[in-house]
Amino acid sequence: MIEDDTSTCSILLIDDEPFAQQIIEHGLKTCVQHVLHYESSPARAVDLVRELQVTVVLVDLRMPDLDGFEFTRRLRACPDAGHIPVIMLSSEDDPEIKAQAFAAGVNDYMVKWPDPRELVARVQYHNAACIARRERDAAFASLRVSQQQLAASESALHQAQKMEAIGQLTGGVAHDFNNVLQIIGGNLQLLKLVGGLNEAARTRVEMALAGVERGAKLSSHLLAFARRQPLQAVVLNPGHLLRQMDDMMRRVLGPNARIVTDIDPALWSTVADPDQLNNVLLNLAINARDAMGGNGTLHIRAGNAGGATQVRGIELPPGAAAGEYVFIEIADSGKGMPPEILQRVFEPFFTTKPVGQGTGLGLSMAYGFVKQSGGDIAIVSEVGRGTSVRIFLPRSETEAAQPEAKVDVPLCGGLETILVVEDEEDVRSATCAILSALGYQVLEAGDAAGAVTIVESGRHIDLVFSDVVMPGPVSSLQLGEIVRKHLPRAQLLYTSGYAEGVLAHEGKVSASVHLLQKPYHPDALSARIRHLLRRSKAGAGTQAVPAT
């Protein structure tokens, strides 16, 4: 007995004489694991080959309407079944007929009725060849998919590396730029404090300060893209933020645009910097307005994703860590973007807007902020069908507290002693001059080591105002520990425009750390100092020391 233990032979016999089925079945009785299908009409047989997943076809040569030659030609023309082996059965042992059969595309030719051993051997041979070809095709298809996936992964890696390289460059530039802005802004503010300016000079100073403010926003966006912006993250509910922004959104879009808001009433909380999130959403709204030309519909949606209650159709972006998220979607009905533009939208300074109408930092800032906040961002756009931007932020199990109303505090000073620690001499000089003009007794140090000497000398100090990034053997963290040890009642206020890895864990500043970002305005500086000194005198809090 000839056995084939590897696979089942699925055989289709096509013959207009029904008794042929009995003969072939008898001949195949020694062929284990086979299934014989019979069809008398060759016109229907081509479809059966596909439906039955046939591995070998036995076809009679002489049949009415459609002979074996024509059936073979039709089968060979089928893209998904043209490779199936065909064995032609004929009572004619004519070499010319055999040649015509092979020319038509048959794989084998047998004269009726063949010996069962020969029939089984040939059927099993062609069955094995068919299965081997299918396995080869499946392997090639799998290889193509793997190659496509590898190409996609390499493209994503290249994009990530490019964004990281750009981020490192922009972060370093923004850090130095902040110090330059602080020098310029500090001295301009000092001129205003000293007084004696005529109206023309005061106007010029105000214009220069407006330029400093624009530069500060630019630097802030660069740091946000580079994921090196110190974030004052709190637990918040995005729904509350979106409702508070409703009027501003409508003013940004103009009277001809329509806003549709859909906020899940069961929306979860998240941890993020509310001011930065506000800026991101406003930038997205401005982009939507420009894409719609002042008309159209802006859809704002917020819901839960990644959990059992997520919104249908909202999937986490590829590569996002598994977990529960809240999402905010800003979708417009604008002109959309082609794929080649879509690939570059997160790059800083890349913009399709006319010169003077955009910096190209809106989406890059959104990208950096979301990534730094532990979330993800996805953008989908199609020419003529608008653009959708979805922000995903990790869920917080803590409920959001009601935000405190901000109160503007006028510029004021005091008589306390403040130690200013800053390695940039021009920045330190301007800051010390401002604090002195406000009435404070000011001590200064060029690095943390020098500040330690002053602290350990026993001098009375009410507040230490220190830059974060410090040269030398003593870091700002170590300085904070020494201040806590020797001056337990002294307050500690940090300043930086680039606090990566020093005061922040993944860019998020601890709630126990007081940080004033550069470039800072004298109003903001005086308000923070007065707040900390009042708290110290009242004994209502503990000294803020950065968490390691």
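In case you missed it, the structure is sitting above this.
Reading the values: the criteria
- Residues numbered from 1 in each chain as written.
- Predicted model: local features only at pLDDT ≥ 70, side-chain atom pairs only at ≥ 80, totals over all residues.
- Heavy atoms only, no water.
- Buried < 20%, exposed > 50% of the residue type's maximum accessible area, 1.4 Å probe, protein only.
- Helix = DSSP H or I, 4+ residues; strand = E, 2+ residues; numbered from the N terminus.
- Arc of directions from axis to C-beta.
- Pairing = 2+ DSSP bridges.
- Axes fitted to C-alpha atoms, helices over the stretch in contact; angles between N-to-C directions.
- Contact = heavy atoms within 4.5 Å.
- Expected span 1.5 Å × (residues − 1).
- Patch = residues over 30% accessible without salt bridge, like charges linked within 9 Å, V, L, I, M, F, W, Y side chains within 5 Å.
- Areas by Shrake-Rupley, 256 points an atom, 1.4 Å probe, with all protein chains shown as cover.
- Salt bridge = Lys/Arg side-chain N within 4 Å of Asp/Glu carboxyl O.
- Right-handed = clockwise from strand over helix to strand, strands pointing away.
- Polar contact = N/O pair within 3.5 Å; in protein donor to acceptor, adjacent residues only side chain to side chain.
- Parallel < 35°, antiparallel > 145°, perpendicular 65-115°, else oblique.
- Left-handed = near helix turned anticlockwise from the far one by under 90°.
- Nonpolar A, V, L, I, M, F, W, Y, C, P; charged D, E, K, R; others polar.
- Phe/Tyr/Trp six-rings, centres within 6.5 Å; stacked < 30°, edge-to-face > 60°.

1. Structural notes on helix α1 (residues 19-27)
- The complete set of buried residues in α1 reads A20, I24 and G27. The buried residues of α1 occupy an angular sector of 60° when the element is viewed end-on, so they sit on one face.

2. A closer look at the sheet that holds strand β3 (residues 56-60)
- What the 5 strands build is an open sheet, ordered β2-β1-β3-β4-β5; its pairing is parallel. The open sheet has two edge strands with one neighbour each: β2 (34-39) and β5 (108-111). Each strand of the sheet is rotated relative to its neighbour by a mean of 20°, with strand direction disregarded.
- Sheet topology note: the strand β1 (residues 9-14)/β2 ladder contains 6 bridges and is parallel. Pairing of I11 across the sheet is with L36, part of β2.
- The sheet contacts of helix α3 (residues 68-76) involve β1, β3 and β4 (86-90), and relative to β4 the element is tilted by about 175°.

3. Comments concerning helix α12 (residues 425-437)
- Under the 1.5 Å per step criterion, the end-to-end length of α12 is 18 Å for 13 residues, consistent within 8% with the ideal 18 Å.
- Along α12, the residues that are buried comprise V427, R428, A430, T431, C432, I434 and L435.
- Once α12 finishes, G439 follows within two positions and takes phi at roughly 100°, a positive value.

4. Comments concerning a nonpolar patch on the surface
- A cluster of nonpolar residues, F19, I23 and W113, forms a patch on the protein surface that exposes about 260 Å² of accessible area.
- Locating F19 in the fold gives a position in helix α1.
- Given a relative accessible area of 42%, F19 falls into the partly exposed group.

5. Quick word on the pairing of β5
- Where β4 meets β5, 4 bridges bridge the pair, whose relative direction is parallel. The partner of I87 across the bridge, within β5, is D108.
- Note that the unit made of β4, helix α4 (residues 95-104) and β5 has a crossover that is right-handed.

6. A look at the side chain of R530
- As for its position among the elements, R530 is in helix α15 (residues 522-538).
- If we ignore the near neighbours within four places in the chain, the residues touching R530 are C412, G413, G414, E416, Y440 and K537.

7. Section: the side chain of S396
- Its location among the elements puts S396 in strand β12 (residues 386-396).
- In terms of polar contacts, S396 uses its side chain to reach the backbone amide nitrogen of T398, at 3.2 Å.
- Among all residues touching S396, those that are not within four sequence positions of it are V235, S269, T270 and V271.

8. What about the sheet that holds strand β16 (residues 491-496)?
- If you walk across this open sheet you meet the 5 strands as β14-β13-β15-β16-β19, and the pairing is parallel. A single partner strand is all that each edge strand has here, and the edge strands are β14 (441-445) and β19 (515-517). Neighbour-to-neighbour, the strand axes of the sheet open up by a mean angle of 20°, direction not taken into account.
- The pairing of strand β15 (residues 463-467) with β16 spans 5 bridges and is classified as parallel. Looking at the pairing, V464 lines up with L492 of β16.
- Relative to β14, α12 is tilted by about 165°, and along the sheet it contacts β13 (417-421), β14 and β15.

9. A look at the pattern of salt bridges
- The tally for this structure, following the rule as stated, stands at 25 salt bridges.
- For D290, the salt bridge identified is with R289, shortest N-O distance 3.2 Å.
- By relative accessible area, which is 31% here, D290 ends up partly exposed.
- Exposure remark for R289: the relative accessible area of 27% places this residue in the partly exposed category.
- Residue D467 is joined to K518 by a salt bridge in which the shortest nitrogen-to-oxygen separation is 3.5 Å. With D467 in strand β15 and K518 in the loop between β19 and α15, this pair connects stretches of sequence that are 51 residues apart.
- Given the relative accessible area of 4%, D467 is considered buried.
- Overall, the relative accessible area of 6% leaves K518 in the buried class.
- Look at the salt bridges and you will find they share partners, linking D15, D60 and K112 into a network.

10. Some words on the packing of α3 against α4
- Two elements in contact, α3 and α4, have axes whose closest approach is 9 Å; the angle formed by their N-to-C orientations is 20°. On the basis of the axis angle, α3 is roughly parallel to α4. For the pair α3 and α4, the sense of crossing is right-handed. In this structure, α3 uses F69, T72, R73 and R76 to contact α4, whose residues at the interface are I97, Q100, A101 and A104.
- The residue makeup of the contact of α3 with α4, split by class, is 4 nonpolar, 2 polar and 2 charged.

11. Remarks on the packing of aromatic side chains
- All chains considered together, the criterion is met by 2 aromatic pairs.
- Note on F327 and F392: the rings are 6.3 Å apart at their centroids and 40° apart in plane angle, and the pair reads as tilted. Of this pair, F327 sits in strand β10 (residues 325-332) while F392 sits in strand β12, and the two are 65 residues apart along the sequence. For the residue pair F327 and F392, the accessibility class agrees, reading buried in each case.
- An angle of 70° between the planes, with centres 5.5 Å apart, marks the rings of F465 and Y520 as edge-to-face. Within this pair, whereas F465 is found in strand β15, its partner Y520 is found in the loop between β19 and α15, the two being separated by 55 residues in sequence.

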